[in-house]
Amino acid sequence: MSDSPSTTQPDEELLSEARAVADNAYAPYSGFHVGAALRTRTGKVYTGANVENASYPLGVCAERTVLSCAASDGVRPGDIEAVAITASPCGGCRQWLLEFGVARVVFAHAGGVQIRSADELLPHSFILDT
Ligand code: THU
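Since the structure is predicted, the reported quantities are computational estimates derived from the model, not experimental observations. (Residues numbered from 1 in each chain as written. Predicted model: local features only at pLDDT ≥ 70, side-chain atom pairs only at ≥ 80, totals over all residues. Heavy atoms only, no water.)

## Digging into the pairing of strand β4 (residues 105-109)
Right, on to step 1. In terms of residue burial, β4 counts as a mostly covered element, since four of its five residues are buried.
Right, on to step 2. Summarising the sheet, strand β3 (residues 80-85) and β4 pair through three bridges and their orientation is parallel. Considered in β4, the bridge of Ile85 is made with Phe107.
Right, on to step 3. Assessed by its sense of winding, the connection that carries the chain from β3 through helix α3 (residues 91-99) to β4 is right-handed.
Right, on to step 4. Taken together, the five bridges between β4 and strand β5 (residues 112-116) define a ladder with antiparallel strand orientation. The residue of β5 that forms the bridge with Ala108 is Val113. (Buried < 20%, exposed > 50% of the residue type's maximum accessible area, 1.4 Å probe, protein only. Helix = DSSP H or I, 4+ residues; strand = E, 2+ residues; numbered from the N terminus. Pairing = 2+ DSSP bridges. Right-handed = clockwise from strand over helix to strand, strands pointing away.)

In structure tokens form, the structure reads like this:
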């Protein structure tokens, strides 16, 4: 994998928020807690954790929780400065991050921190070409 840019102080703060909200994950089935924190270009911060369900596929990842929360508050593609996550985003969440045009995805991975754009995380992505 190519070199990741270094984290900035705001990235570290956002990742701390993600780590804090991971404590609130509802993950009785996997026991795997994930936290995500999103900062808008106006400086508003949203946080979200994974929420599992007895019907396993219905569980929601932390990234989708936080993006849904922000979108419900009126945040739209282009409004997001960065999203920090305590784990590497899954394929489906990469598609969600792409939808919202997230240019700075900061995530903990293999003992380090990676920074990538949603485009880099999902190259040659699906586009609804009508
Ligand atoms: N999970 C996330 O919250 N985000 C991801 O990008 C990967 C996986 C959650 C889903 C499930 O609750 C748990 O981690 C184990 O897969």
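## Points about the side chain of Asp11
Right, on to step 1. With respect to the helices, strands and loops of the structure, Asp11 is situated in helix α1 (residues 9-22).
Right, on to step 2. Not counting chain neighbours up to four residues away, the residues in contact with Asp11 comprise Ser6, Arg104, Val106 and Ile115. (Contact = heavy atoms within 4.5 Å.)

## Focus on α1
Right, on to step 1. Between the first and last C-alpha of α1 there are 20 Å, a value that for 14 residues agrees with the 20 Å anticipated at 1.5 Å per step.
Right, on to step 2. The set of residues buried in α1 consists of Asp11, Leu14, Leu15, Ala18, Val21 and Ala22. The buried residues of α1 occupy an angular sector of 125° when projected down its axis, which confines them to one face.
Right, on to step 3. On its buried face, α1 is in contact with β1 (35-40), β2 (45-49), β3, β4 and β5. (Expected span 1.5 Å × (residues − 1). Arc of directions from axis to C-beta.)

## Looking at the site of the ligand
Right, on to step 1. The environment of the ligand is made up of Ser30, Phe32, Val34, Asn50, Glu52, Cys61, Ala62, Glu63, Ser88, Pro89 and Cys90.
Right, on to step 2. Measuring from an oxygen atom of the ligand, one finds a side-chain N or O atom of Asn50 at 2.9 Å.
Right, on to step 3. Within the side chain of Glu52, an N or O atom sits 2.5 Å from an oxygen atom of the ligand.
Right, on to step 4. Across the shell around the ligand, the residue classes break down as six nonpolar, three polar and two charged. (Near = heavy atom within 4 Å. Polar contact = N/O pair within 3.5 Å; in protein donor to acceptor, adjacent residues only side chain to side chain. Nonpolar A, V, L, I, M, F, W, Y, C, P; charged D, E, K, R; others polar.)

## Quick look at a nonpolar patch on the surface
Right, on to step 1. A cluster of nonpolar side chains, namely Tyr26, Tyr29, Val51, Tyr56 and Val60, defines an oily patch on the protein surface of about 510 Å² accessible area.
Right, on to step 2. Along the polypeptide, Tyr26 turns up in the loop between α1 and β1.
Right, on to step 3. Overall, Tyr26 belongs to the partly exposed group, its relative accessible area being 44%. (Patch = residues over 30% accessible without salt bridge, like charges linked within 9 Å, V, L, I, M, F, W, Y side chains within 5 Å. Areas by Shrake-Rupley, 256 points an atom, 1.4 Å probe, with all protein chains shown as cover. Salt bridge = Lys/Arg side-chain N within 4 Å of Asp/Glu carboxyl O.)

## A look at α3
Given 3.6 residues to a turn, an α-helix orients residues that are three or four positions apart in the same direction.
Right, on to step 1. Residues of α3 that are buried include every one of Cys93, Arg94, Leu97 and Leu98, and no others. All buried residues of α3 fall inside an arc of 150° around its axis, so they share one side.
Right, on to step 2. Turning to α3, the residues buried within the fold contact α2 (62-72), β3, β4 and α4 (118-121).
Right, on to step 3. Backbone geometry just after α3 places Gly101 at a positive phi near 60°.

## Let's talk about the packing of aromatic side chains
Right, on to step 1. Tallying each qualifying case throughout the model produces one aromatic pair.
Right, on to step 2. Between Tyr29 and Tyr56, the ring centres sit 5.5 Å apart and the planes meet at 45°, which makes this aromatic pair tilted. Residue Tyr29 is found in the loop between α1 and β1, and its partner Tyr56 is found in the loop between β2 and α2; the two are separated by 27 residues along the sequence.
Right, on to step 3. Of the residues examined, Tyr29 reaches a relative accessible area of 40% and is grouped as partly exposed. (Phe/Tyr/Trp six-rings, centres within 6.5 Å; stacked < 30°, edge-to-face > 60°.)

So far we have only geometry, and geometry alone does not tell us how the molecule works.
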